[in-house]
Amino acid sequence: MKFVWRSKKKKKIISIERKLKEYHAAVEEMNVTMESLAAVAAAEAMMNATRSNTKKNGTSVQVGCEYASANTYAAGSFFVVLSLSLSCKFLHIALFQRFFRQPRISSELIVGLIIGNLPQLYTFLDMLIPKFNSFAEMGMSCYLLVLGLEMDPSVLFKKPTPELIIAYIGVLASFVIGSIGTPLLKLGIPDTVGFILTLSLALAGNSSQVLTRIVTNLNISKTDIGKLVIGAGMHTDMITMILISVALAFHPTQTKQYITLVEGGFIIFIMTTEIIILLKLFPVFVNWITNRNPEGKKMRGSDLIIFVGTLFFLCSTGPMIVGYSPTMTSFLVGLAFPRKGRITKMVVSKINQMTSFVYFPIFFCWAGALASFKPLRLLDTDKFIGIKLFSLYVLVMIGKLSGTLLSGMVLGFDWPIAIAIALFLNVKGYFHIFVAAFALEEGYLSNGSYIVLIFFAILSIVPVPWLVKSVVERAQKQSSTYKRMAIQWVDPNSELRMLLCIHGPQNVPSMINIMEVSRGNTDPRIGVYVTDMIEINDCNSTMFIPDHQDHHCSPDVDGVKMADESVVDMREHITNAILSYVEKSGEGINVHRLLAISTFANMHQDLYNLAEAVQASLLILPYHRNQKNDGKMDNVHHGFRHVNRKVLRQPPCSVGILVDRGLGSINKGSGSSSSAMMTLHVAVVFIGGKDDREALAYAARISQHPGIKLTAIRFLQDNNAEKASSRAKKPPSIRAMEEQELRLDDEYFAEFYQKKVAHGKVGYVEKHVVNAKETVSTLKALEGQYALFIVGRAGRINCILTAGMNAWEECPDLGPIGEILADSDFSTTASVLVIQQHYVEELENEFRVMS
C-alpha cells in the first residue's frame, strides 16, 4: 500500500510539472502575441498619422505631439486662432480698408493663401485642427443659417420691383451662357449635367454680404445706384441659393452614382415638408423660449441647451436621413426662422462673432492650403490655367452684362450704369470659395481648376471698387440737381429742409425739440429727415433688405433697412417716439426716416450723400459726449467725434452740433398756440463772421415760434483809438478783408434788427468788450439766464474779441465760443447749438476775399 501511494504521489507531481511547463509556454506565446499586436498598432498609428497629414497636392508630413496635454493643446489652438484673426484684421485696417476700400474677405483670402502654402506653418495648424474640412463645413452651416435669417423670401411673391427684375434677368442670362460655355473650357470637372448646372448656378450668383460691404466702403449706399445694387444683389443671392438647394437634391452622393427623378423629388418633398412644419411650429417654440427668458434677464442654461440642440437636430439629422447637404439645410432653416425676438438677435450676434473671429481666418487657411502654387504641380495639372481663368471671367461677365443691359433697356438706365451694376453683381464670396474647396476635396475638380475658381473669386472682388468708382461719380454729377444753399440765402418763406442725426434713443428728445422750435409758426412747413447713425463692424449684420412699404411717418426715401434685429428694434423705438410727437404736436412738419450705416471712417460721406439726396440746408449732429445724472459730461465717444470732425470739413450744407444739457426735457404742447411749449429762453451770440451770420439766420427762423423768447447778444469792440492803431499795423490786404467782413456783418445784422428787434419780436443786448479776456468773462456772466445758446463755430477774420482762444481750446468742433458755453464749469442746464455755414459756390465772387 505504501508503494502504491508513493507511485500515485509521483504521478501527481509529474502532472503538475507538466501543467506548469504548458502554462509558462502559453505565457511566453501570449507575450510574443502582445508584442506583435503592439508593433502592428504602432505601425498602423504611424500610417494613419502620415495619411492624415497627406494633402491632396501630394505633399506629406509626419507629426507627433507626444508631450502635449489638454491645456497646452487648448492654449496652442487659442494662440493660433488669435494670431490668424489679428493678422487678417491688421492687414485689412492698415492696407485694404484705408487705401483700396476692399472688404475684409480680400485680406482674409490673401492671408489664407500665404499661410496655406507655407508647409511648416500649415502642418502646425493641421496638428491643432486635424479635420479642416469638417470644421469648414460646420462654419459654413452657421454662416448660411444667418444668411437665410437675413433674407425675406416673401418678396419673391410680391409685385416685381426694379431690383427684382435686374436679379431675374441677370441670373437667367448668366445661367444660360454659363451652362453652354463651361463644358467647352474643360476645367477638369465631371461631364454630368447636374454638376455643370449646379456650377453654372453658383457662378450666376453673388455674395450679398460682401457686395454690401463694398457699396458701403464706396459711400454710395444711399445713392440711387447704391440702393439698386444692394436690392438686386440680395435678390440674386436669394434666388441662386434657393435654386442650388433644389439642384443638390439630384446631385450624386458617395453611396449613389446617380439620383433618379423620383428620388430627387422625394428629397425635395421631405425638405419642403420640413420647411413648412418649421414655418408653422418653430415660431411657437421660439416664442415659448423667448417668453421664458424676457429681455433684461439672463437666459436660462437649460433653455439655451434645448434651443441649440433643436437647431442642431433640424440642420443635421433630417439631411442625414435623406442624404441631403447639411449646409444647404441650414440656409433653408434660416429662411424659415422667425425674424423677431431675443433668440433671433442672439443667434445673429453670436454666430457673426464666431465666424468673424474664429471661422473665417481658419477657413481661408484651409482653402489656401488646397491651392498649391508649386510650378511643377501647376504644369502637370493644367497647361492653360491663365487662359482658362480669363475665359471663365469673361464668360460670366458676358452673362452679367447681357442681363443688366437688357434690364437697362426695360428700366431705362444708361449703359455705363449697366456695366457698373454687372461688376457689382458678379462679386463672389465665402460660399463660392467653400463650394470650390469642397468640390476639390471630393475629387470633382483638379488642382488647376480649383486655382482658376479661387483667382476668379479674387478678380470678382478686388478690381470692383476702382472700376466702379469713376462710373458712379460721373453718374452722380450728371444726375445731381442739388442747389447748395446756406440758411442765410434761403428764402424765409420757403421750406427749410433739415437732416437730424441720431446716435441712439438718448438723442431723440432733444432732436424732437429741435424740430419743434425750427418749425416756427408752421408757415411755411419744414422738411425734417431723421437718420440713425449705425456703425458697421464685424459683429453686426451688414445685410440690407429692400423696404418699399410705408412703415414710417411719411414715405421713406431710404428704401432699405437693416436685417439686424437689434438695429431694427432701436429704429422702431425711435420711429414710434417721433411718430407720437408728429401726431400730437407736429403741425407744420414733414418727417422722414433715413439710415446712415457705415464704418466710422466713411460715415461722413454717407451723411454727405443723404444731405444731397434730400437737398438739406442744415445738418445737425449730436455732440460726442452725453450729460450724466450729476450734470457732468461722460467720456468721449471717439468714433462719433471723428465723424463730426470729418463732416465739418467739406459738407454740402450748413452743419450744426448740438450739445444737449436739458433741451430734451422741455415739455411740448400741441398745435401753434401760444402754449405750444414751455417758454424757452434762447440767446444767439453774434461777434462776427460767416458762421455767426448763419447762426443769426437760423435764430431768425425759430424766433417765429410762439414758445420761443429770443435775445440777440452782439459783442462789439470798445476803445476805438486802440482799434484804429492795431489796424494801422496790419498789411493792406488784411485790412481790406476785415473791412469787407465788418461791412457784411453790419449789413446783415442791420437787416435782422429791422425785421425782428425793431418790431419787438426779439430782444437785443449789446456787450462792449476790449479783448478776448473780457469776452470770456462776459459770456460767463450769462450763466443761468438762457436754456439754449446759438453761436457760430468760427469764420471770424482776425477778430480781437476771440484772439488767442484757439490756443487753449480742447474741442475744435465747437469753436472757441461754443466750447466756453458747453463747458460744465459754465453751466449744467444750458444747451448749445454751434453752427458752421456752408460755403456757397454760386456766390464765390462775393466771398473770394474770405478764401
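Within every chain, residues take consecutive numbers counted from 1 along the sequence as written. Local features are withheld for residues below a pLDDT of 70 in this predicted model, meaning they are given only at 70 or higher, and side-chain atom pairs are given and counted only at 80 or more; totals for whole chains, interfaces and linings count all residues. Side-chain measures here rest on the full set of heavy atoms in the structure, leaving out hydrogens and waters.

## Quick look at the sheet that holds strand β2 (residues 526-535)
In step 1: When DSSP finds two or more bridges between two strands, those strands count as paired. Secondary structure elements are taken from DSSP: a helix is a run of H or I of four residues or more, a strand is a run of E of two residues or more, and numbering for both begins at the N terminus. Across the sheet, which stays open at both edges, the ten strands sit in the order β5-β2-β1-β6-β7-β12-β11-β8-β9-β10 with mixed pairing between neighbours. Edge positions in the open sheet fall to β5 (589-598) and β10 (763-769), since each of these has one partner strand only. The sheet shows a mean angle of 20° between the axes of neighbouring strands, taken without regard to direction.
In step 2: Pairing analysis gives seven bridges linking strand β8 (residues 680-686) to strand β9 (residues 708-717), with the strands arranged parallel. Working convention: axes come from line fits to C-alpha atoms, limited for helices to the stretch in contact. Angles between N-to-C directions cover 0 to 180 degrees.

## Remarks on the state of the cysteines
In step 1: Here, a disulfide means two cysteine sulfur atoms that sit within 2.5 Å of each other. All chains considered together, the criterion is met by zero disulfides.
In step 2: Summary of cysteine pairing: C653 is not part of a disulfide, and the nearest cysteine sulfur, belonging to C501, is at 9.2 Å.

## Quick notes on the packing of aromatic side chains
In step 1: Whether two aromatic rings pair depends on their centres lying within 6.5 Å, for rings of Phe, Tyr and Trp, where Trp uses its six-membered ring; planes under 30 degrees apart make the pair stacked, over 60 edge-to-face, and the rest tilted. Per the stated rule, a full pass over the model turns up 21 aromatic pairs.
In step 2: With 5.2 Å between their ring centres and 35° between their planes, Y359 and F363 make a pair best called tilted. Placement of both Y359 and F363 in helix α13 (residues 342-370) is noted, with a separation of four residues, approximately one turn of the helix. Of the two residues examined, Y359 and F363, each falls in the buried class.
In step 3: Between F686 and F749, the ring centres sit 5.2 Å apart and the planes meet at 45°, which makes this aromatic pair tilted. Pair noted here: F686 is in strand β8 and F749 is in helix α26 (residues 732-757), with a separation of 63 residues, a long-range link. Each member of the pair, F686 as well as F749, is classed as buried.
In step 4: Put simply, the rings of Y143, Y359, F360, F363, F364, W366 and Y430 touch in pairs and so form one group of aromatic residues.
In step 5: Counting as a charge over the ring demands two things of the Lys NZ or Arg CZ atom: a distance within 6 Å of the ring centre and an angle within 35 degrees of the ring normal. Just above the ring of F749 sits the side chain of R714; from NZ or CZ to the centre is 4.8 Å. Exposure categories follow from relative accessible area, calculated using a 1.4 Å probe and restricted to protein chains: below 20% of the type maximum is buried, above 50% is exposed, and the middle band is partly exposed.

## What about the packing of helix α22 (residues 603-614) against helix α23 (residues 638-647)?
In step 1: For the pair α22 and α23, interaxial distance at closest approach is 8 Å and the crossing angle is 50°. Between α22 and α23, the interaxial angle falls into the category oblique. For the pair α22 and α23, the crossing hand works out as right-handed. Touching M603, H604, L607 and Y608 of α22 are V643, K646 and V647, all from α23. Roughly parallel refers to an angle under 35 degrees, roughly antiparallel to one over 145, roughly perpendicular to one between 65 and 115, and oblique to any angle outside these ranges. For any helix crossing, the convention is left-handed if the near helix is rotated counterclockwise from the far helix by under a right angle, and right-handed if that rotation is clockwise. Contacts were defined at the residue level, with two residues in contact if any of their heavy atoms lie within 4.5 Å.

## Focus on unusual backbone geometry
In step 1: Look at Q615: it is not a glycine, yet its phi comes out positive at around 55°.
In step 2: Counting through the fold element by element, Q615 comes out in the loop between α22 and β6 (618-622).
In step 3: Under the relative-accessibility criterion, Q615 is labelled partly exposed at 36%.

## With respect to the pattern of salt bridges
In step 1: Throughout this description, the term salt bridge denotes a Lys or Arg side-chain nitrogen within 4 Å of a carboxyl oxygen of Asp or Glu. Throughout the structure, instances matching the rule amount to 13 salt bridges.
In step 2: With its nearest N and O atoms 3.1 Å apart, the salt bridge here joins D813 to R645. Here D813, found in the loop between β11 (788-792) and α28 (815-822), pairs with R645, found in helix α23; they are 168 residues apart in sequence, far enough to count as distant.
In step 3: Overall, the relative accessible area of 2% leaves D813 in the buried class.

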